[in-house]
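These are the residues of each chain, in order.
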Amino acid sequence: MKLKFKKQQFQLDAVDAVCDIFEGQAKDNHQYLFGRQNKSQLGAYSGDSGVYAWKNASVDISEEKLLKKIQEVQKKNDIERSSKLEGQGLNLTIEMETGVGKSFTYVNTIYELNKRYGMTKFIVVVPSIAIREGAYNSFKAMENYFAVKYGKKVRYFIFDSSKQSQIESFATNNGINVMII
């Protein structure tokens, strides 16, 4: 049985709302050399091994501009406007009602952030094992739909601290990677 997905305008608007906050961000990701690592932790990746990993570029938009963009999205959607950015670093909370297609929306957002800004590393944090399994199954169910739409697949996995090779692959693969934890 093949699932069919119906795009709904409010989901597309939600994707744009998140992605538009980063307008002006350079489309880039960065390669870096694995530093001196403990061989027992990373297997073959010890010392200056010449093995490269990838990370998202740092957000190079000022906090003032980010806050202004967030406030514009909030105003457009009749949401109480934030007076400041919360916490250290860039922390965004995105909320949607139950049953409106949050999983479809956040997977689509991942693809759009990659397309618009070159972002390749994503961590989906969920509150329970049941929701973690649901998130994993959502990626599996939508895999082909988004692969056709964007011409690439996401590499996704459930974090397991006993499987170091998954973390190594997450770091060294320059495609779109999602860790579910």
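Preceding this paragraph is the structure being described.
Predicted model only: the values in this text are computed from it and were never measured.

Student: Let's hear about the packing of helix 4 (residues 102-117) against helix 5 (residues 129-150): which residues, and what values?
Tutor: Here helix 4 crosses helix 5 at 45°, and the two axes come no closer than 10 Å. Judged by the inter-axis angle, helix 4 sits oblique to helix 5. For the element pair helix 4 and helix 5, the recorded crossing hand is right-handed. Contacts between helix 4 and helix 5 pair Ser103, Phe104, Tyr106, Val107, Asn108, Ile110, Tyr111, Glu112 and Lys115 from the former with Ala135, Ser138, Phe139, Met142, Tyr145, Phe146, Ala147, Lys149 and Tyr150 from the latter. Class assignment for the residues of the contact of helix 4 with helix 5 results in 12 nonpolar, three polar and three charged.

Student: I'd like a rundown of unusual backbone geometry, residues and numbers included.
Tutor: Positive phi values are uncommon outside glycine, yet aspartate 78 reaches one of about 55°. Take aspartate 78: it is sitting in the loop between helix 3 (63-76) and helix 4. Using a relative accessible area of 74% as the deciding quantity, one classes aspartate 78 as exposed.

Student: Requested: an account of a nonpolar patch on the surface, with residues and values cited.
Tutor: Together, Val59, Leu90, Leu92 and Ile94 line one region of the surface with nonpolar side chains, adding up to about 300 Å² of accessible area. By the secondary structure assignment, isoleucine 94 is in the loop between helix 3 and helix 4. Among the residues examined, isoleucine 94 registers a relative accessible area of 55% and is labelled exposed.

Student: Which residues make up a positive patch on the surface, and what are the values?
Tutor: Among the surface-exposed residues, Lys7, Lys27, Lys115, Lys149 and Lys152 lie close enough to one another that they form a single positively charged patch. Residue placement: lysine 152 occurs in the loop between helix 5 and strand 4 (155-158).

Student: Requested: an account of the packing of aromatic side chains, with residues and values cited.
Tutor: Applying the stated criterion to the full structure yields 13 aromatic pairs. Taking 4.8 Å as the distance between ring centres and 20° as the angle between the ring planes, the aromatic pair formed by tyrosine 111 and tyrosine 150 counts as stacked. Of this pair, tyrosine 111 sits in helix 4 while tyrosine 150 sits in helix 5, and the two are 39 residues apart along the sequence. Under the relative-accessibility criterion, tyrosine 111 is labelled buried at 3%. Each member of the aromatic cluster is reached from another via a ring pair, and the members are Phe5, Phe104, Tyr111, Tyr145, Phe146 and Tyr150. The ring centre of phenylalanine 170 lies 5.4 Å from the NZ or CZ of lysine 121, which sits over that ring.

Student: Break down helix 3 for me, with residues and values.
Tutor: Taking 1.5 Å as the rise per residue, helix 3 with 14 residues should run 20 Å; its terminal C-alpha atoms sit 20 Å apart, in good agreement. Among the residues of helix 3, those classed as buried are Leu66, Leu67, Lys69, Ile70, Val73 and Gln74. Within helix 3, the buried residues cover an arc of 160° as seen down the axis, which keeps them to one side. Facing away from the buried side of helix 3 by more than 90 degrees, the exposed set consists of Glu64, Lys68, Lys75 and Lys76.

Student: Describe the packing of helix 1 (residues 9-20) against helix 4, listing the residues and the values that go with them.
Tutor: Look at helix 1 against helix 4: their axes get within 9 Å of each other, and the N-to-C directions meet at 45°. Taken together, the axes of helix 1 and helix 4 are oblique relative to one another. As for how helix 1 packs across helix 4, the hand of that crossing is right-handed. Within the contact between the two elements, helix 1 uses Gln11, Leu12, Ala14, Val15, Asp16, Val18, Cys19 and Asp20 and helix 4 uses Phe104, Thr105, Asn108, Thr109, Glu112, Leu113, Arg116 and Tyr117. Taken together, the residues of the contact of helix 1 with helix 4 break down into eight nonpolar, four polar and four charged.

Each value, and the rule that gives it
- Residues numbered from 1 in each chain as written.
- Predicted model: local features only at pLDDT ≥ 70, side-chain atom pairs only at ≥ 80, totals over all residues.
- Heavy atoms only, no water.
- Axes fitted to C-alpha atoms, helices over the stretch in contact; angles between N-to-C directions.
- Helix = DSSP H or I, 4+ residues; strand = E, 2+ residues; numbered from the N terminus.
- Parallel < 35°, antiparallel > 145°, perpendicular 65-115°, else oblique.
- Left-handed = near helix turned anticlockwise from the far one by under 90°.
- Contact = heavy atoms within 4.5 Å.
- Nonpolar A, V, L, I, M, F, W, Y, C, P; charged D, E, K, R; others polar.
- Buried < 20%, exposed > 50% of the residue type's maximum accessible area, 1.4 Å probe, protein only.
- Patch = residues over 30% accessible without salt bridge, like charges linked within 9 Å, V, L, I, M, F, W, Y side chains within 5 Å.
- Areas by Shrake-Rupley, 256 points an atom, 1.4 Å probe, with all protein chains shown as cover.
- Salt bridge = Lys/Arg side-chain N within 4 Å of Asp/Glu carboxyl O.
- Lys, Arg positive; Asp, Glu negative; His and termini not counted.
- Charge placed at Lys NZ, Arg CZ, Asp CG, Glu CD.
- Phe/Tyr/Trp six-rings, centres within 6.5 Å; stacked < 30°, edge-to-face > 60°.
- Lys NZ or Arg CZ within 6 Å of the ring centre and 35° of its normal.
- Expected span 1.5 Å × (residues − 1).
- Arc of directions from axis to C-beta.

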